[in-house]
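Summary of the model geometry
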Amino acid sequence: PAYLYYDRGLARFCLGHYLIAQKDFSDAVQRDSKNMDFVIILYISEARSGFDARGELERNAVRLNRKKWPGIIIDLYLGKVGPEEVIVSAKNPDKKKGKGQLSDAFFYLAERALIAGNRSEAIMLLQRSIEAIGSDAEEFSVPRVELRRLTAMPDR
């Protein structure tokens, strides 16, 4: 099943092994090409590995209904929308869902900042991701792990 590859990829991603995680995410996308989460994290892991992953993101995005959340994140990574539109799109009348989507939005914006080489902006956005989810935050979450790794690393 696709989620087995996705979950293993997330574990590797959290360890900072983006290139190895990319293989798992690619396998997940091959098994479920309509899952936006799979497509987005594949792009992030490839970009964090130093690859120009935009072409593959464009090819994978063709199969997706980007009108629903988190479709706007693909448009963000393709340069079609900015951070403000992402934040507005993350809002949801369902309070719990809205908190989760806002947390995700800040995480994806943080990853965009990291891909662009802006570590300080990424740290701030990861903090906002964790704050957005509030008491619903799990001790182990990708934003929390990314933040710990970034704050443990010396500035380059």
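My aim in this report is to walk through the structure given alongside it, one point at a time. Counting of residues starts from 1 at the beginning of each chain's written sequence and follows it residue by residue. Confidence filtering applies because this is a predicted model: local features only for residues at pLDDT of at least 70, side-chain atom pairs given and counted only at 80 or more, and all residues used for totals across whole chains, interfaces and linings. The basis for every side-chain value is the complete set of non-hydrogen atoms in the structure, without hydrogens or water.

1. A word on the packing of aromatic side chains
- What counts as a ring pair is set by centres within 6.5 Å for rings of Phe, Tyr and Trp (its six-membered ring), and what kind of pair is set by the plane angle: stacked under 30 degrees, edge-to-face over 60, tilted for all other angles. All told, the structure shown has eight aromatic pairs when counted by the stated rule.
- Both rings, one in tyrosine 6 and one in phenylalanine 38, keep their centres 4.8 Å apart while their planes meet at 35°; by these two values the pair is tilted. On the criterion of sequence distance, the pair formed by tyrosine 6 in helix α1 (residues 2-14) and phenylalanine 38 in helix α3 (residues 36-48) is long-range, its members being 32 residues apart.
- Judged by relative accessible area, which is 0%, phenylalanine 38 ranks as buried. For helices the rule is a DSSP run of H or I covering at least 4 residues; for strands it is a run of E covering at least 2, with both sets numbered from the N terminus onward. Exposure categories follow from relative accessible area, calculated using a 1.4 Å probe and restricted to protein chains: below 20% of the type maximum is buried, above 50% is exposed, and the middle band is partly exposed.

2. Observations regarding the side chain of aspartate 75
- Its location among the elements puts aspartate 75 in helix α5 (residues 71-77).
- Relative accessible area serves as the criterion here: at 16%, aspartate 75 is assigned to the buried category.
- Discounting residues that sit within four places of it in the chain, aspartate 75 has contacts with Arg66, Lys80 and Val81. Any two residues having at least one pair of non-hydrogen atoms within 4.5 Å are treated as being in contact.

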